[in-house]
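# Observations on chain architecture
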Amino acid sequence: MSLADTLRARGFVYQFSSETLEEITDPSAGKRRTFYLGVDPTADSIHAGNLAVYMMLRHIKAAGHSVILLIGGGTGMIGDPKPDVERPLTPPEEVAARAAKISAQVSRLIGSDVPVVNNYDWLSKLDLIGFLRDIGKHFTVNSLMKKDAIAKRLESEEGITYTEFAYPLLQGYDFWHLFKTHGCDVQVSGSDQWGNIMAGVELIRRKENVSAYALTIPLITDASGKKFGKSEGNAVWLDPEKTSVYGFYQFWLNQDDASVEQYLKIFTDISLDEIASIMVAHQENPGARTAQRELARAATAVVHGTEESARAERVSEYLFGSGWQGAVDADMQQMIATAAPTHTPAVGESLADVLVASGLASSKREAREFLSSGAVTLNGEKVDETRVLQDVDFAASIALLKRGKRNVCVLLKV
């Protein structure tokens, strides 16, 4: 399968500036292109919404093309124009710290051999007069005013400052600079960056009289049509300090049936043939959530590694499955303790009291009702109101108290 066919089949293609996608992805005579992605460090971590473009770069790199990541240490100090409000100016030292963290994440996602460049290195050295003469003359105010974000801001009461108005010139300059220094001829990004990417395509054409290309992916949404972006308040971060590995795993495990096939194609390296088989098995028994389990396992492995993915899967099984009967190592204990509410009871304490103290029951009377009806399990075994905690219950260093299937509390031994 050609790279173009792969990208189409997986849902990565939205817009491209050539007559055919193959002209960019599968050029004749075995030519290899150099693709770049520009990222302004508006946060100190990649999130699930913009993970998709990095997954596309994995396929591009695997096909033999070169890939460059550009960190917007310079443009990040200005900010891409938003349609509704101007971005706050971020202190340079914070931009630099964010850039360092994102660079480390990208190395894990795409490979340590991918060059990471920072546009602060050249934008900070620009001569204003020279920039206006050599770059500014290739842009018309008319074309800039037609860009969606700028047009909407011009119609608002707040308007737009020249700082943000000039942003497309800087991004266009970045593309031209990478073309000159690295032979870079394709920029990729989300569809919301189409106008800014085309600024670079046009600048290279006018200054160098050669073709460069733009390729964008669609914005990824959930089943309700809400995008994953951090501005939407539902960000799931790749940084485990912001979203735990277990939380990341659960995010994919809890995806809707309507979206799971799309996400398998975009956010995992599972082959298309295998995805088709997974979906057949899923449709035969939707209750088993086979597709969601494969998605969670594979997406977490891409970001955090297979070992952490397996640990998150075991913790999920321990908390909400039939229970984990194997050894619980220190790392797993820590993940369990952060994934669920915890309580430290005393050996010999009645389970009715533990249910109340842990928040699984609102009163002792309610606790007894739960116990007598068989709704409570301890380490996977049903218990009644006569039961008290024993040392043997903590054979795995922790114990799992559950009311029903979804209400859990991890008991820690004193």
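Our subject is the structure listed above.
Residues numbered from 1 in each chain as written. Predicted model: local features only at pLDDT ≥ 70, side-chain atom pairs only at ≥ 80, totals over all residues. Heavy atoms only, no water.

Here we come to the nonpolar core. Core analysis: the biggest nonpolar cluster contains 72 residues, and Tyr54, Trp252 and Leu319 have the highest contact counts within it. If you look at the next biggest cluster of nonpolar residues, it comprises 27 residues, including Tyr36, Leu70, Ile150 and Cys184. (Core = buried A, V, L, I, M, F, W, Y, C linked by side-chain atoms within 4.5 Å. Buried < 20%, exposed > 50% of the residue type's maximum accessible area, 1.4 Å probe, protein only.)

Right, let's get into the packing of helix H15 (residues 290–304) against helix H16 (residues 306–320). Contact geometry for H15 and H16: axes closest at 7 Å, N-to-C directions at 140°. Considering their axes alone, H15 and H16 lie oblique with respect to each other. Taken as a pair, H15 and H16 cross one another with a handedness that is right-handed. Residues Ala296, Arg297, Thr300, Ala301 and His304 of H15 pack against Thr306, Glu308, Ser309 and Glu313 of H16. (Axes fitted to C-alpha atoms, helices over the stretch in contact; angles between N-to-C directions. Helix = DSSP H or I, 4+ residues; strand = E, 2+ residues; numbered from the N terminus. Parallel < 35°, antiparallel > 145°, perpendicular 65-115°, else oblique. Left-handed = near helix turned anticlockwise from the far one by under 90°. Contact = heavy atoms within 4.5 Å.)

A separate point is a nonpolar patch on the surface. A cluster of nonpolar side chains, namely Leu128, Leu132 and Tyr162, defines an oily patch on the protein surface of about 340 Å² accessible area. Tracing the backbone through its elements, the reader meets Tyr162 in helix H9 (residues 162–165). (Patch = residues over 30% accessible without salt bridge, like charges linked within 9 Å, V, L, I, M, F, W, Y side chains within 5 Å. Areas by Shrake-Rupley, 256 points an atom, 1.4 Å probe, with all protein chains shown as cover. Salt bridge = Lys/Arg side-chain N within 4 Å of Asp/Glu carboxyl O.)

This brings us to the pairing of strand S10 (residues 398–403). Burial analysis of S10 places five of its six residues in the buried class, which makes it a mostly covered element. Bridge analysis of strand S8 (residues 376–378) against S10 gives three bridges, and the strand direction is antiparallel. From the neighbouring strand, Val376 faces S10, where its bridge partner is Arg403. The pairing of S10 with strand S11 (residues 407–412) spans six bridges and is classified as antiparallel. (Pairing = 2+ DSSP bridges.)

Pairing between strand S7 (residues 342–343) and S11: two bridges, direction parallel. Along S11, the bridge assignment pairs Thr342 with Val410. What sits between the antiparallel neighbours S10 and S11 is a turn of three residues, in which Gly404 has the positive phi angle 75°.

Its 13 residues place the ends of helix H14 (residues 272–284) 19 Å apart at the C-alpha level, agreeing with the 18 Å of an ideal helix rising 1.5 Å per residue. Taken residue by residue, H14 has Ile275, Ile278, Met279 and His282 as its buried positions. With its buried residues spanning 100° around the axis, H14 presents them on a single face. Of the exposed residues in H14, the ones pointing more than 90 degrees away from its buried face are Asp273 and Glu284. (Expected span 1.5 Å × (residues − 1). Arc of directions from axis to C-beta.)

The next subject is the pattern of salt bridges. This model, assessed by the stated rule, comprises 21 salt bridges. With a shortest N-O distance of 2.3 Å, Asp269 and Arg58 are connected by a salt bridge. One end of the pair, Asp269, is in the loop between helix H13 (257–267) and H14; the other, Arg58, is in helix H3 (residues 48–62), with 211 residues separating them in the sequence. Look at Arg58 and you get partly exposed, because its relative accessible area is 22%.

Once that is clear, we can look at the sheet that holds S11. What the five strands build is an open sheet, ordered S7-S11-S10-S8-S9; its pairing is mixed. In the strand order of this sheet, the two ends are held by S7 and strand S9 (381–382), each with one partner.

Spatial relationships are all this shows, so hold off on functional conclusions.
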